[in-house]
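Here is how the chains run, residue by residue.
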There are 2 protein chains.
Amino acid sequence: MFKEFINSLQNYKSIGVFSHVRPDGDCIGSQVALCRWLEANGWTAHAFNDDDVPPNMTWLAEFYPIEKPDEEKVRSLDALIMVDGNMPSRFGVIGNLNNSLALPMFMIDHHPDPEDVFIEAVSVPEASSTCELIYRLYEESGIGLIDEVTAKALYTGIITDTGSLHFDSVTPETVEIVADLLRRGDFKPNEVIEKIYSNRTINQYKLLSRALGTIEMFLDNQVAVMHVTQQMLHETGTSNVDTDGFVSYPLSITGVKVAILFKDLKDEGIKMSLRSRSAVDVNVWARKLGGGGHKKAAGAWHEGPLQKAIRDTIEFGKKLIEKSETPAES
Amino acid sequence: MFKEFINSLQNYKSIGVFSHVRPDGDCIGSQVALCRWLEANGWTAHAFNDDDVPPNMTWLAEFYPIEKPDEEKVRSLDALIMVDGNMPSRFGVIGNLNNSLALPMFMIDHHPDPEDVFIEAVSVPEASSTCELIYRLYEESGIGLIDEVTAKALYTGIITDTGSLHFDSVTPETVEIVADLLRRGDFKPNEVIEKIYSNRTINQYKLLSRALGTIEMFLDNQVAVMHVTQQMLHETGTSNVDTDGFVSYPLSITGVKVAILFKDLKDEGIKMSLRSRSAVDVNVWARKLGGGGHKKAAGAWHEGPLQKAIRDTIEFGKKLIEKSETPAES
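Bear in mind the structure is a predicted one, so any value in this text is a computation, not a measurement.

A. Examining the relation of the copies chain B and chain A more closely. Of the transformation superimposing chain B on chain A, the axial component is 0.0 Å and the angular component is 180°, with the fit at an RMSD of 0.0 Å. With respect to symmetry, the two chain copies, as superposed, fit the operation of a two-fold axis. The rotation axis passes nearest to the C-alpha of Ser209 of chain B in chain B, at a distance of 2.1 Å. In this assembly, 100% of the residues forming the interface of chain B have copies in chain A that are likewise at the interface, indicating an isologous arrangement.

B. Highlighting the pattern of salt bridges. Taken as a whole and judged by the stated rule, the model has 34 salt bridges over all chains. Here Lys68 of chain A makes a salt bridge to Asp52 of chain A, at a shortest N to O gap of 2.6 Å. Remark: Asp52 of chain A occurs in the loop between strand S2 (44–48) and helix H3 (58–61) and Lys68 of chain A occurs in the loop between strand S3 (66–67) and helix H4 (71–75); sequence separation between them is 16 residues. We classify Lys68 of chain A as partly exposed; its relative accessible area is 40%. For Asp52 of chain A, a relative accessible area of 60% gives the class exposed. In this structure, the salt-bridge partner of Lys296 of chain B is Asp168 of chain B, at a minimum N-O distance of 3.4 Å.

C. Structural detail: the domain arrangement of chain A. All names here are of chain A. Domain annotation of chain A identifies domain 1 (3–197) and domain 2 (202–323). Computed from C-alpha atoms alone, the centre-to-centre distance between domain 1 and domain 2 is 27 Å. At the interface, six residues of domain 1 touch eight residues of domain 2. Here domain 1 and domain 2 share an interface that buries about 630 Å² over both sides, 43% of which is from carbon and sulfur atoms. At the boundary of domain 1 and domain 2, one finds three salt bridges. Two residues, Arg287 and Asp113, come together in a salt bridge whose shortest N-O distance is 3.8 Å. Looking at the side of domain 1 that touches domain 2 residue by residue, the classes come out as one nonpolar, two polar and three charged.

D. Broad picture of the packing of aromatic side chains. Scanning all chains against the criterion turns up 17 aromatic pairs over all chains. A centroid spacing of 5.1 Å and a plane angle of 25° characterise the contact between Phe18 of chain A and Phe48 of chain A, whose relative ring orientation is stacked. Of the two residues, Phe18 of chain A sits in strand S1 (residues 14–19) while Phe48 of chain A sits in strand S2, which places them 30 residues apart along the sequence. Here Phe18 of chain A falls in the buried class, since its relative accessible area comes to 1%. With a centroid separation of 5.7 Å and 85° between ring planes, the pair formed by Phe2 of chain B and Phe5 of chain B is classed as edge-to-face. Judged on exposure class, the residue Phe2 of chain B and its partner Phe5 of chain B are both buried. Members of the aromatic cluster, each reached through a chain of ring pairs, are Phe2, Phe5, Tyr12 and Phe106 of chain A. Here Lys195 of chain A stacks its cationic end above the ring of Trp59 of chain A, 5.6 Å away from the centre of that ring.

E. Region of interest: the sheet that holds strand S2 (residues 44–48) of chain B. All names here are of chain B. Pairing is parallel across the open sheet formed by six strands, whose spatial order is S3-S2-S1-S4-S5-S6. The sheet is open, and its two borders are formed by strand S3 (66–67) and strand S6 (120–123), each paired with just one other strand. As defined by bridge partners, S2 adjoins S3 across two bridges and the pair is classed as parallel. Each residue of the ladder has a partner; that of Ala47, found in S3, is Ile66.

F. Region of interest: helix H9 (residues 189–197) of chain B. Of all the residues in H9 of chain B, the buried ones are Pro189, Asn190, Val192, Ile193, Glu194 and Ile196 of chain B. Taken together, the buried residues of H9 of chain B touch helix H3 (58–61), helix H7 (148–161) and helix H8 (172–185) of chain B.

G. Local environment of the interface of chain B and chain A. In this assembly, 39 residues from chain B lie in contact with 41 residues from chain A. Interface area for chain B against chain A, summed over the two sides, is near 3,700 Å², with a carbon-plus-sulfur share of 57%. Inspection of the region where chain B meets chain A yields six salt bridges. Two residues, Glu194 of chain A and Arg277 of chain B, come together in a salt bridge whose shortest N-O distance is 3.2 Å. Counting across the interface, chain B meets chain A through 26 residue pairs in polar contact (both at pLDDT 80 or more). Among the secondary structure elements, those contributing two or more residues to the side of chain B that touches chain A are H8, H9 and helix H10 (202–212) of chain B.

H. The arrangement of the environment of Glu235 of chain B in detail. Residue and element names in this part refer to chain B. With respect to the secondary-structure elements, Glu235 resides in helix H11 (residues 230–236). Separated by 65 residues in sequence, Glu235 and Ala300 have C-alpha atoms that sit 25 Å apart. At 2.9 Å, the side chain of Glu235 forms a polar contact with the side chain of Arg210.

I. Representation of the packing of helix H6 (residues 130–140) of chain A against helix H8 (residues 172–185) of chain A in the model. Residue and element names in this part refer to chain A. Contact geometry of H6 with H8 gives a least axis separation of 11 Å together with a crossing angle of 65°. Relative to H8, the element H6 lies roughly perpendicular. The handedness of the crossing between H6 and H8 comes out as left-handed. Contacts between H6 and H8 involve Glu132, Tyr135 and Arg136 from the former and Glu173, Thr174, Ile177, Asp180 and Leu181 from the latter. Taken together, the residues that form the contact of H6 with H8 break down as three nonpolar, one polar and four charged.

Cut-offs and rules
- Residues numbered from 1 in each chain as written.
- Chains lettered and ligands numbered in written order.
- Predicted model: local features only at pLDDT ≥ 70, side-chain atom pairs only at ≥ 80, totals over all residues.
- Heavy atoms only, no water.
- Least-squares fit on C-alpha atoms with pLDDT ≥ 70 in both.
- Contact = heavy atoms within 4.5 Å.
- Salt bridge = Lys/Arg side-chain N within 4 Å of Asp/Glu carboxyl O.
- Helix = DSSP H or I, 4+ residues; strand = E, 2+ residues; numbered from the N terminus.
- Buried < 20%, exposed > 50% of the residue type's maximum accessible area, 1.4 Å probe, protein only.
- Domains from an automatic or database assignment.
- Buried area = accessible area lost by both parts, 1.4 Å probe.
- Nonpolar A, V, L, I, M, F, W, Y, C, P; charged D, E, K, R; others polar.
- Phe/Tyr/Trp six-rings, centres within 6.5 Å; stacked < 30°, edge-to-face > 60°.
- Lys NZ or Arg CZ within 6 Å of the ring centre and 35° of its normal.
- Pairing = 2+ DSSP bridges.
- Polar contact = N/O pair within 3.5 Å; in protein donor to acceptor, adjacent residues only side chain to side chain.
- Axes fitted to C-alpha atoms, helices over the stretch in contact; angles between N-to-C directions.
- Parallel < 35°, antiparallel > 145°, perpendicular 65-115°, else oblique.
- Left-handed = near helix turned anticlockwise from the far one by under 90°.

If you want it as structure tokens, here you go:
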């Protein structure tokens, strides 16, 4: 899977590893594990992201620094590897910078429909996560290099991108990788899980309490919509990132095919997170709204106001829901 | 592990398989998988429980009926196997009935401190779940018998008893069993996960919304308490079983060592669910209150009223919290 990728990479010495803006566990896990693989194999590596590492992933970034990309740093690089994303436009500053720098770009990712701008790309849309692909890289060239740190990094990406191994992207091989990581890393799941999920505040639960009260059903109860407003964030002393995972609540209502969380971020607009547990492809849905993602998880933005965003989104999805003949998966 | 158990069981023909009252996924999964193993190996098997199968497990009971135990049915049996519990008093009607019937009792379970009343017992407190033990039974004698139904039953028990493979009871071997079940059963995780977890109602989320508002912190923010009252159930059109999983919310607050959910069930009293994510042993705590369970998950009852139950419980736990020198696991 990585033979040509590795061969081609040997033409370069100093490598910048980027993940998409607003990074998640699969981004940070991939960056940490890939940079450690590069360094173990003689490359110089730097991990970059425009945005801050989310608070529940800072422990991972302690193993390998995630830096802000500035022009000087980026100019010192020989090549870029983009992980967990397949369009340079998703990579913030570096995507723009490289329009002029024209550094060769590599890519390791599991999103559909990659842009054709990479000199080598490992693009596996059916993979559970980018971290599963980074594990395959280690497996092909240096499985013995997986120590506790790398094991925890890869475990974090796989677990967070599969909803704790719940999604249909999970194969027996994915689960075997997790077993292998627990064994090689010699750690217990809860040591990592609690770092990722058990750092909630009472304020976050106040916000969740408010958000749960907004759930509305559309299109014959097949679409559940939840929303969060700037005012709710303000009154509960929380911020945008505190809504992480909220969309899974409306998604788990009986008969729901698609759930959508609308976040009214005022000046920034309305951010939508779409999740499917049916044949309805929310990547298609999100693309109609100018966004994108996976079949089962995608995102988009709307200029607002909130009620118009909800109306428009439902209108765009109507045909997709009507076309889906299969019932929700429960 | 099961050699003597199987040998001894061969002295009997008609076997009743019981799980504890108010059965959970590990109970039902164990019963379905064990009864199917028994029948495949020439025994006659019946699965019993005093209480109804929970709504999110009825799909499993369609593979194998879980009957109510009546005296006539029980009299036709030659032996009993108790699964997912180790005290006959936890098995309702059958526990009492057998005081006079004196049928030989077998046991397969993963709770600590089993009673010494079984002629053969496979008691492994460090196992993640009783379903992990039933898998070991198949492994020792008939791994090829694991078909889609049995794989889904065992998967359900392991997943529900480990919080989706999050708990520290999960070993690499537990995870490998899950991989093997997915492969032998040829199913995707979400096919089962959505049956277990995606059958929520808006009313349940109204209740959750209310319950999240009750979270209180005690003992230097190391103990988080949440409560649900009969009135909250009434006003949201929900019942006791709809609080399933609620205790995990207060447990995931930063620094919390123990979380306790109090359910004020009026005439029945106050039901407590204690969960630990620290060295604090809630089995010890619950036993002080006349209950019991595991180190990390236990239950007890209090006669009420609610505020007294909370006060008493905190008072009983004070020393345990003070004694615990290790910080919370995050």
